[in-house]
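# Architecture and fold: a report
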There are 4 protein chains.
Amino acid sequence: MAEEPEVDERTRELLERLHDPARVLALSDGVFAILITLLVLEIHVPELTQGHSLNQALAEIRPSLVAFVISFILAGMYWVGHRDLFALIRRTDRGLVWLNILYLLPLCLLPFAAGLLGRYDTEPVALRIYGLLLVAIAVMRVVIWLYATNRPHLLWRPLDDRQRRAGLAVNLYPGLVYLLAFLVARSAPGLSLLIYAGLPLLYFLSITVLRGSRKRNLEYADFT
Amino acid sequence: MAEEPEVDERTRELLERLHDPARVLALSDGVFAILITLLVLEIHVPELTQGHSLNQALAEIRPSLVAFVISFILAGMYWVGHRDLFALIRRTDRGLVWLNILYLLPLCLLPFAAGLLGRYDTEPVALRIYGLLLVAIAVMRVVIWLYATNRPHLLWRPLDDRQRRAGLAVNLYPGLVYLLAFLVARSAPGLSLLIYAGLPLLYFLSITVLRGSRKRNLEYADFT
Amino acid sequence: MAEEPEVDERTRELLERLHDPARVLALSDGVFAILITLLVLEIHVPELTQGHSLNQALAEIRPSLVAFVISFILAGMYWVGHRDLFALIRRTDRGLVWLNILYLLPLCLLPFAAGLLGRYDTEPVALRIYGLLLVAIAVMRVVIWLYATNRPHLLWRPLDDRQRRAGLAVNLYPGLVYLLAFLVARSAPGLSLLIYAGLPLLYFLSITVLRGSRKRNLEYADFT
Amino acid sequence: MAEEPEVDERTRELLERLHDPARVLALSDGVFAILITLLVLEIHVPELTQGHSLNQALAEIRPSLVAFVISFILAGMYWVGHRDLFALIRRTDRGLVWLNILYLLPLCLLPFAAGLLGRYDTEPVALRIYGLLLVAIAVMRVVIWLYATNRPHLLWRPLDDRQRRAGLAVNLYPGLVYLLAFLVARSAPGLSLLIYAGLPLLYFLSITVLRGSRKRNLEYADFT
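So, a few notes on the structure that sits alongside this text. (Residues numbered from 1 in each chain as written. Chains lettered and ligands numbered in written order. Predicted model: local features only at pLDDT ≥ 70, side-chain atom pairs only at ≥ 80, totals over all residues. Heavy atoms only, no water.)

## A word on the interface of chain D and chain C
Contacts between the two partners involve 44 residues from chain D, matched on the other side by 53 residues from chain C. Interface area, chain D with chain C, both sides summed: about 4200 Å², of which 70% is carbon and sulfur. With its nearest N and O atoms 2.9 Å apart, the salt bridge here joins C:Asp84 to D:Arg94. Viewed at the interface, chain C and chain D are joined by nine residue pairs in polar contact (both at pLDDT 80 or more). Looking at the side of chain D that touches chain C, the elements with two or more residues in it are helix 1 (5–19), helix 2 (22–38), helix 4 (94–108), helix 5 (110–119) and helix 6 (124–149) of chain D. Residue composition of the side of chain D that touches chain C, grouped by class: 30 nonpolar, six polar and eight charged. (Contact = heavy atoms within 4.5 Å. Buried area = accessible area lost by both parts, 1.4 Å probe. Salt bridge = Lys/Arg side-chain N within 4 Å of Asp/Glu carboxyl O. Polar contact = N/O pair within 3.5 Å; in protein donor to acceptor, adjacent residues only side chain to side chain. Helix = DSSP H or I, 4+ residues; strand = E, 2+ residues; numbered from the N terminus. Nonpolar A, V, L, I, M, F, W, Y, C, P; charged D, E, K, R; others polar.)

## Observations concerning a nonpolar patch on the surface
Together, A:Leu172, A:Tyr173, A:Leu176, A:Leu179 and A:Leu183 give the surface a local cluster of nonpolar side chains, amounting to about 490 Å² of exposed area. Within the fold, A:Leu172 resides in helix 7 (residues 161–184). (Patch = residues over 30% accessible without salt bridge, like charges linked within 9 Å, V, L, I, M, F, W, Y side chains within 5 Å. Areas by Shrake-Rupley, 256 points an atom, 1.4 Å probe, with all protein chains shown as cover.)

## Topic: the interface of chain A and chain D
Taken together, the contacts link 44 residues of chain A with 53 residues of chain D. Across the chain A to chain D interface the summed buried area is about 4200 Å²; carbon plus sulfur atoms make up 70%. A per-residue breakdown of the area chain A buries against chain D is headed by A:Arg23, A:Arg94 and A:Trp98, which together make up 20% of the total. Joining chain A to chain D, the criterion identifies three salt bridges. Remark: the boundary between chain A and chain D carries nine residue pairs in polar contact (both at pLDDT 80 or more). Breaking the side of chain A that touches chain D down by element, the ones donating at least two residues are helix 1 (5–19), helix 2 (22–38), helix 4 (94–108), helix 5 (110–119) and helix 6 (124–149) of chain A. Among the residues making up the side of chain A that touches chain D, the classes are represented as 30 nonpolar, six polar and eight charged.

## Points about the packing of aromatic side chains
Residues and elements named next belong to chain A. Applying the stated rule across the entire model yields 12 aromatic pairs over all chains. On the numbers, 6.4 Å between centres and 35° between planes, the contact of Tyr-178 with Tyr-196 is tilted. Of this pair, Tyr-178 sits in helix 7 while Tyr-196 sits in helix 8 (residues 189–212), placing them 18 residues apart in sequence. Given a relative accessible area of 0%, Tyr-196 falls into the buried group. (Phe/Tyr/Trp six-rings, centres within 6.5 Å; stacked < 30°, edge-to-face > 60°. Buried < 20%, exposed > 50% of the residue type's maximum accessible area, 1.4 Å probe, protein only.)

## Examining the pattern of salt bridges
Residues and elements named next belong to chain A. According to the stated counting rule, one finds 16 salt bridges over all chains in the structure shown. The partner of Glu-16 in a salt bridge is Arg-91, and the shortest N-O contact between them spans 3.0 Å. Residue Glu-16 is found in helix 1, and its partner Arg-91 is found in the loop between helix 3 (54–86) and helix 4; the two are separated by 75 residues along the sequence. In this structure Arg-91 comes out as partly exposed when scored by relative accessible area, which is 22%.

## A look at the relation of the copies chain A and chain D
Turning one copy of the chain about an axis and sliding it along that axis gives the other copy, so a rotation and a shift relate them. Structural alignment of chain A on chain D gives an RMSD of 0.0 Å, achieved by rotating through 90° and translating 0.0 Å along the axis. Such values leave the two copies arranged in the relation of a four-fold axis. Taking C-alpha positions as the reference, the residue of chain A nearest the rotation axis is A:Gly30, at 4.3 Å. With a heterologous cut-off of 20% or less, the 7% of interface residues of chain A that recur at the interface of chain D puts this contact in the heterologous class. (Least-squares fit on C-alpha atoms with pLDDT ≥ 70 in both.)

## Describing the side chain of B:Ser28
Along the chain, B:Ser28 falls in helix 2 (residues 22–38). Classification of B:Ser28 as buried rests on a relative accessible area of 0%. Once residues within four sequence positions are removed from consideration, B:Ser28 is found in contact with B:His82, B:Asn100, B:Leu104 and C:Arg23.

## Here we look at the relation of the copies chain D and chain C
Of the transformation superimposing chain D on chain C, the axial component is 0.0 Å and the angular component is 90°, with the fit at an RMSD of 0.0 Å. The residues that chain D uses at the interface reappear at the interface of chain C in only 7% of cases, marking distinct surfaces.

## Describing the packing of helix 3 (residues 54–86) of chain D against helix 4 of chain D
All names here are of chain D. At their nearest, the axes of helix 3 and helix 4 sit 13 Å apart, and the two run at 170° to each other. Comparing their axes, helix 4 and helix 3 come out roughly antiparallel. Where helix 3 approaches helix 4, its residues Tyr-78, His-82 and Phe-86 are matched on the opposing element by Asn-100, Tyr-103 and Leu-107. (Axes fitted to C-alpha atoms, helices over the stretch in contact; angles between N-to-C directions. Parallel < 35°, antiparallel > 145°, perpendicular 65-115°, else oblique.)

## Regarding the layout of surface pockets
Its boundaries defined by the atoms lining it, the second largest pocket holds a volume of some 1400 Å³. Lining the second largest pocket are 49 residues, with A:Asp29, B:Ala22, B:Leu25, B:Ala26 and C:Ala26 sitting closest to its centre. Counting residues per element, the ones that place at least two in the lining of the second largest pocket are helix 2 and helix 3 of chain A, helix 2 and helix 3 (54–86) of chain B, helix 2 (22–38) of chain C together with helix 2 of chain D. The residue makeup of the lining of the second largest pocket, split by class, is 29 nonpolar, four polar and 16 charged. (1 Å grid on protein atoms, 1.4 Å probe; cavity = no way out; pocket = protein on both sides within 12 Å on 5 of 7 lines; lining within 4 Å. Points joined across faces, edges and corners; volume = space filled by probe spheres on them.)

## Side note on the packing of helix 2 of chain A against helix 2 of chain B
It is at 8 Å that the axes of helix 2 of chain A and helix 2 of chain B come closest, and there the two elements cross at 45°. By the angle between their axes, helix 2 of chain A is oblique relative to helix 2 of chain B. The element helix 2 of chain A and its partner helix 2 of chain B pack so that their crossing is right-handed. Counted together, A:Leu25, A:Ser28, A:Asp29, A:Phe32, A:Ala33, A:Ile34, A:Ile36, A:Thr37 and A:Leu38 of helix 2 of chain A and B:Arg23, B:Ala26, B:Leu27, B:Gly30, B:Val31, B:Ile34, B:Leu35 and B:Leu38 of helix 2 of chain B form the full contact between these two elements. Its residues assigned to classes, the contact of helix 2 of chain A with helix 2 of chain B shows 12 nonpolar, three polar and two charged. (Left-handed = near helix turned anticlockwise from the far one by under 90°.)

## Considerations on the state of the cysteines
Note: disulfide means a covalent bond formed between the sulfur atoms of two cysteine side chains. A full pass over the atoms with the stated rule returns zero disulfides over all chains. Cysteine A:Cys108 shares no disulfide, and the gap to the nearest cysteine sulfur, in B:Cys108, comes to 15 Å. (Disulfide = S-S within 2.5 Å.)

## Examining helix 4 (residues 94–108) of chain B
Taking 1.5 Å of rise per residue, the 15 residues of helix 4 of chain B would be expected to cover 21 Å, and the 21 Å separating its terminal C-alpha atoms lies within 8% of that figure. Counting buried positions along helix 4 of chain B gives 14 out of 15 residues, so the element sits mostly inside the fold. (Expected span 1.5 Å × (residues − 1).)

Here it is, written out as structure tokens:
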């Protein structure tokens, strides 16, 4: 049957539909949207008594709010990275579809880890679980990057080695920093929290600096 | 490498995909949809005892219901404004993508603020936190408006100064009114709540009036 | 400015983008998806003790499960109706956009009403609140139907009077039945619950019967 | 009226819009996205006391985490299967639209069953309810498969008998395994849990093996 040209054409069309990234993106965007909106459920309405001041109320929810903002910005960074990666991808095979689902798995645990961090923001255990999760997310990002960029037929155009290394670095370095934050959580919980809160600032700084040099180094800037 | 025309063409295509607003809209629509649906979680099932009347049950959930309706209509207004703005936008650069995420951040806190307002609808602190959030949202709307309309290459067509000022006004004025509601919350909590509930009515009134004059003043009506 | 043909063309393009139903559908589909998924949160994990049988556990969650299934099927019917209506609609003006939001408002209260019904399935008040909500949803469906079908420029093709009446009936009748269920809730709560549970069955029966007569009566079958 | 060719053309266009799968996919992807993100709400933040170790904290949430991972992977498998099926489907008639909604119904109960399993992971009742749900989902998958593949006008191209049987097997076998897990839950709860956790592993194994033989057996591999 596969020898007939007409059938070949039809099989090719079916494969194109099976490899269409549209629903992978729909699922992923849905998960990201729900994720950043669900984070708010971890901020509990404080008990207000007569004469409670605004500052007191804000002080009470401060740890939850800090965990919310850190997790929100992190999820935003992950979504931007996902969008940048899939701008390179033309087709999704079964492997990529499943790697994407396995990437969403630790991501979906973020509201839990944020709730834990919001409630026990000085407890090493909470900080370590938060770090573990971010490391798992970073590992999955690296795996997806290597898987996709290693398969030119999945891409709009093949990347050269320099572009692949640049993209790998962008996905790998945050993971290493989170690993550090995980490792120091027991001895220096304050430093660990500072790393979680500080990395997004570094990220914003780096993309601002990178944008300045965009004209000179377009390939790299594409993946930040 | 950038000197070769073929590569230029490919780079241009990649940039088009990186600048495609589709996923920014998918994420935003997802967030708005979840937001208005999550608001219901702040209305708790009341304790009903035998012989409880409908009026009593409704009276018990009235403050939550009022906070729900106000927040729902506000979120609806923000979504309509977001849709109107992005009808002008052809491309999203990294700055716009991130400004949009930073706009979604205070928006995602709305269910928390609505829960607070539903539970303590006469407490100045609850009213002030609600107002603070609406002011933050308004600030982000103004920033996005200025950012996007200042960059003609992001738009389908450049706006003239009058259109930019009109759009700015539409985004700025509600923020000023919410700032007022925030400021009077301590001395006149009733007035503050009245402003939050009343502004949507004013909005509906204004778009009805504006529609009447649409033929004469099309550019302005576009952005309401 | 509006006199120049080129500007006219650009204004027309802007209006087309402003009237594009795509994001209205994205928001609505998002709300429906979240709605039917959130309903599960009203089914609480029962307390199981050693030796608890499957039947006992199911009996404990039975009222919640009944409220879940009724509300799920109702939401499914509303979504199918929404999809059928918007298959007729080519453009959405500001009025239609806002009527759609105001239709989503009572819809988003469904998880609350389902939770109430699941907890107090024999209390007239719970049954009346559930009925009130369904009546409000039906009213909004009728309003949207009349608004859209009255404006031929919003439609792919104008409907004739017979089609408009048929569609009106499909949207109006359920509302009248729910009004009845609301009115009898105090004197006959059992009947009221029976109506909520039975209407979807009638609906399935009617579309099966209608499908049989589809060939003879295509216009009517389109709107069921 | 139906005799005039022009009307026929318009009716055909309306039917195409009514049969367009786009919104069915939007609703389904939304439900899957929310489902896998909502699962996290069943993992409750543990009580941490000073000096609580990471291992103790993880041990406390272990049953919830196991239920989360199993349910997440299952939902992922269902979504991949849904995407594969709808890659074959060109048009959705009213029957398919409703079967899809009735398939989403047991799927939306998954967070409840996962919460039950996470809290009572050795209770036969929890294991049986979980199994019942998976059997219901499998039944609906088989029904949809038979319904769609039996109607060539709904497909991009008709399937031959071998392809239909292969797809049926892929949808049927997991259901039979879950039925087994349901039946043994009372006498051997450990085995039951093992089956729920083990099937995804078998699935991954099987698609890896199938991929190896893809070239020789393309039709079968399409539906795994």
